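# Analysis of the macromolecular model
Here's the letter readout for the chains.
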Amino acid sequence: MAYTISLANQKGGVGKTTSAVNCAAALGALDKRVLLVDLDPQGNATSGVGVQRKKIKLSSYDLIIGRAKASEVIQSTGFKNLSVIPSQISLAGAEFELIDMDKRELLLKNALDEVADDFDYIVIDCPPSLGILSINALAASSGVIIPMQCEFYALEGLSQLMLTIKQVKKLYNHSLEITGLLITMYNGRLNLSMQVLDELKKYYADKLFKASIVRNVKLSEAPSYGEPVIYYDKYSKGAKAYMDVAQEIVERTL
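Below you will find a few notes about this structure. The model shown is predicted, which means the values in this text are computed figures rather than measured ones.

The helix and strand tally for the protein stands at twelve helices and seven strands. The C-alpha atoms of the protein give a radius of gyration of 17 Å, which matches the 18 Å a tight globule of 254 residues would have. By the burial criterion, 54% of the 254 residues in the protein qualify as buried. Taking the contacts inside the protein whose residues are at least 6 apart along the sequence as the reference set, 77% of them involve residues at least 24 apart.

All right, on to the sheet that holds strand β5 (residues 121-125) then. Spatial ordering of the open sheet is given by β3-β4-β2-β5-β1-β6-β7, a layout of seven strands whose pairing is mixed. Edge positions in the sheet fall to β3 (75-76) and β7 (177-183), since each has one partner strand and no second. Judged from the five bridges that link them, strand β1 (residues 3-7) and β5 form a sheet pairing that is parallel. Looking across to β5, one finds that T4 is bridged to I122. Here helix α1 (residues 16-29) sits on the sheet in contact with β1, β2 (34-38), β4 (82-85), β5, β6 (143-148) and β7, set at roughly 165° to β5.

Of the volumes computed, that of the largest pocket is approximately 560 Å³. As for the largest pocket, its lining consists of 30 residues, of which G15, K16, T17, T18 and M185 are closest to the centre. Looking at the lining of the largest pocket, the elements that each hand over two or more residues are α1, α2 (44-48) and α10 (217-221). Here the lining of the largest pocket gets five residues from one element, more than from any other, and that element is α1. In this model, the second largest pocket occupies a volume close to 200 Å³. Forming the boundary of the second largest pocket are 14 residues, of which T4, K109, D113, A140 and S142 lie nearest the centre. Residue classes in the lining of the second largest pocket are distributed as seven nonpolar, five polar and two charged.

By size, the foremost hydrophobic cluster in this structure holds 51 residues, and its most contacted members are I64, L108, L112, I124 and L181. Dropping the residues within four chain positions of it, L181 is found in contact with I146, M148, L158, M162, L200, Y204, K207, L208 and F209. Counting 36 residues, the second largest nonpolar core, distinct from the first, contains I5, L36, V49 and V84.

Turning our eyes to something else, we now look at the pairing of β1. Remember that side chains alternate between the two faces of the sheet whenever the strand is regular. Counted residue by residue, β1 has four buried out of five residues, so it is predominantly covered. Sheet topology note: the β1/β6 ladder contains three bridges and is parallel. In the sheet register, I5 faces β6, and the bridge partner there is G143.

Take helix α12 (residues 237-252) next. Given a rise of 1.5 Å per residue, 16 residues ought to cover 22 Å, and the 23 Å separating the end C-alpha atoms of α12 matches this to within 8%. By the burial criterion, the buried members of α12 are G238, A239, A241, Y242, V245, A246, E248, I249 and V250.

In this model, helix α8 (residues 152-171) (20 residues) spans 30 Å end to end at C-alpha, consistent with the 28 Å of a helix rising 1.5 Å per residue. Of all the positions in α8, only A154, G157, L158, L161, M162, T164, I165 and V168 are classed as buried.

What the rule picks out here adds up to twelve salt bridges. Here E105 ties to R104 by a salt bridge, and the two come within 3.7 Å at their closest N and O atoms. On the accessibility criterion, E105 (16% relative accessible area) is buried. A salt bridge links D233 to K218; its shortest N-O distance comes to 4.0 Å. Of this pair, D233 sits in the loop between α11 (229-232) and α12 while K218 sits in helix α10; the two residues are 15 residues apart in sequence, bridging distant segments of the chain. Each of K16, D40 and D125 takes part in a single network of salt bridges with overlapping partners.

This next bit is on the packing of α1 against α12. Orientation of α1 relative to α12, taken along the N-to-C sense of each, is 70°, at an axis distance of 8 Å. Overall, the two elements α1 and α12 adopt an arrangement that is roughly perpendicular. From α1, T18, S19, N22, C23, A26, L27 and A29 reach across to α12, where they touch Y242, M243, V245, A246, I249 and V250.

If you trace the backbone, I65 turns up in the loop between α3 (60-64) and α4 (70-73). Sequence separation of I65 and N44 is 21 residues, and the distance between their C-alpha atoms is 21 Å. Among all residues touching I65, those that are not within four sequence positions of it are E97, L98 and M101.

Parameters at a glance
Residues numbered from 1 in each chain as written. Predicted model: local features only at pLDDT ≥ 70, side-chain atom pairs only at ≥ 80, totals over all residues. Heavy atoms only, no water. Helix = DSSP H or I, 4+ residues; strand = E, 2+ residues; numbered from the N terminus. Rg over C-alpha atoms; globule rule 2.2 N^0.38 Å. Buried < 20%, exposed > 50% of the residue type's maximum accessible area, 1.4 Å probe, protein only. Contact = heavy atoms within 4.5 Å. Pairing = 2+ DSSP bridges. Axes fitted to C-alpha atoms, helices over the stretch in contact; angles between N-to-C directions. 1 Å grid on protein atoms, 1.4 Å probe; cavity = no way out; pocket = protein on both sides within 12 Å on 5 of 7 lines; lining within 4 Å. Points joined across faces, edges and corners; volume = space filled by probe spheres on them. Nonpolar A, V, L, I, M, F, W, Y, C, P; charged D, E, K, R; others polar. Core = buried A, V, L, I, M, F, W, Y, C linked by side-chain atoms within 4.5 Å. Expected span 1.5 Å × (residues − 1). Salt bridge = Lys/Arg side-chain N within 4 Å of Asp/Glu carboxyl O. Parallel < 35°, antiparallel > 145°, perpendicular 65-115°, else oblique.

Structure (structure tokens):
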């Protein structure tokens, strides 16, 4: 049975998709069978693993509205042990189409149950919002990874996200836990970064990943080549950091 992890943060530009793609690829490199689910209408996780969106026939949109089964939507990638359920812009309309559906919060969970035994990990890239798509992702997950930058507004957004996670746990998914907080785009030379990190350590010391993702040129370049960073440049700081995070994910989810 797969351990399902959502990467969620309602704030955009925090490295959520970068982390979803690279954590999934790194887990695959550790000999884990991984399914990456792109639940963001922008589809950046899809292109980030080399899938051309114009060639997609079935997507996460078809899956969540019940038009297709998970087994029909899954695509292989060119990377070790990594498959993907791709996304298209049509997914943006799902928010409205799901309004009248029965048990709409559990549609993704029910759809993924079909393939849960085929993978060790299912990694879900959530959209930058706390709407019905993110609720579906959280309801389908065993754990949540929260990527966040070391800035003041990130702390404000974290409290809102924690409330949402608490509500989803209460209403739809009693087993939902926070797998960890992942610091992204870290710059240790900035006083603000160190201050925010110290603040997080006060309240979430046991949840913070040991590895932080520093600002790295190779991480920024890799998506334009349709490759996770461990394949684009396995010797880069970004590749090493995400391999460390993947190893810690395995340790935390045993």
